[in-house]
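Listed below, chain by chain, are the residues.
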Amino acid sequence: MTKLIIANWKSHKSVKAVPTWFEEFHAGLSELSSQGVVSAGAAVETQVVIAPSFPSLAAVNQHLTAYQMGVSVALAVQDVSPFPAGKYTGAVSMQNLEGLPVEYAIVGHSERRRYFHESHVDVAMKVELALASGVTPIVCVDEEYVADQAAAIAPELVAQCIVAYEPLSAIGTGNSVAVDQVVRVKDLVVKSFGEVPFIYGGSVDETNAREYFLVCDGALVATASLAGGQFAKVVACAHSS
Ligand code: PGA
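Here's a quick rundown of the structure.

About the criteria used
Residues numbered from 1 in each chain as written. Predicted model: local features only at pLDDT ≥ 70, side-chain atom pairs only at ≥ 80, totals over all residues. Heavy atoms only, no water. Core = buried A, V, L, I, M, F, W, Y, C linked by side-chain atoms within 4.5 Å. Buried < 20%, exposed > 50% of the residue type's maximum accessible area, 1.4 Å probe, protein only. Helix = DSSP H or I, 4+ residues; strand = E, 2+ residues; numbered from the N terminus. Contact = heavy atoms within 4.5 Å. Near = heavy atom within 4 Å. Polar contact = N/O pair within 3.5 Å; in protein donor to acceptor, adjacent residues only side chain to side chain. Areas by Shrake-Rupley, 256 points an atom, 1.4 Å probe, with all protein chains shown as cover.

1. Some details on the nonpolar core
So, point 1. Membership of the largest hydrophobic core comes to 67 residues, with the highest contact counts inside it found for Phe25, Ile50, Val139, Ile153, Phe193, Tyr200 and Phe231.
So, point 2. Ranked by the residues each element gives to this core, the list is headed by helix α9 (residues 228-239), at seven residues.
So, point 3. Every residue in contact with Tyr200, bar those within four places of it in the chain, is listed here: Tyr165, Pro167, Ala170, Ser176, Val177, Val182, Tyr212, Cys216, Gly218, Ala219 and Leu220.
So, point 4. Membership of the second largest hydrophobic core comes to 14 residues, among which are Ile6, Val49, Ala164 and Leu220.

Rendered as structure tokens:
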């Protein structure tokens, strides 16, 4: 089964740092391939998704690949404007992204909710605009508001989302949550969103990714995605889980 492994670079990295990251990522995958950990035709194919800052989208676009060694690389945005194209200075609309092969949009990350005061309704507006442009929204939720977030999204759109369980206590802290908690929240997500792809994010790295891949469709990875070599090791966990 295909696993979705998303690198959320947040506001790290310059445009010029992108080629080096990919060199390190590919070198890491090649090394793991020589060890037999990842290989062409592997039973598990992995959809790697890179979510850089907006200025680096075009640079990452130069490095997208179809499946090689069982891994394919696609493009995502970390956020999108809740408004359509128009008089919204500083916002990035779905229309602005036309011409770039963006397949996914992370929406409602807790950092957006916390520092930019985004509401469930804002997130629902982003979901609607992303889907209208053929982009799959990855809706980030925490346990206490998963039902409220689903309720804010138009019922006919809910089933088209990917849901990322991102417990606040685990983001960037090194304190990933227990797998049974992830399974419990997965049940809540099924109740409110339906049987949508479900991924986990929060201090995922090469030491713990395997256990999450056993119960989830993938992972949202920030800190452990910042170095290409380390991220390759996280990706390899999907192939050996
Ligand atoms: P982390 O962040 O991997 O650094 O814990 C996860 C996230 O914010 O998506």
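Read on, since the account is not over.
2. A few points about the site of the ligand
So, point 1. Taken together, 13 residues sit near the ligand, with Lys10, His109, Gly172, Ser203 and Thr223 positioned nearest.
So, point 2. In the model, an oxygen atom of the ligand is placed 3.0 Å from a nitrogen or oxygen of the Glu166 side chain.
So, point 3. Residue Gly172 places a main-chain N or O atom 2.7 Å away from an oxygen atom belonging to the ligand.
So, point 4. Against a free-state accessible area of 280 Å², the protein chains account for coverage of 99% of the ligand.

3. Overview of the environment of Phe54
So, point 1. Mapped onto the elements of the fold, Phe54 is located in the loop between β2 (46-51) and α2 (57-61).
So, point 2. Of the residues examined, Phe54 reaches a relative accessible area of 31% and is grouped as partly exposed.
So, point 3. Separated by 91 residues in the primary sequence, Phe54 and Tyr145 place their C-alpha atoms 28 Å from one another.

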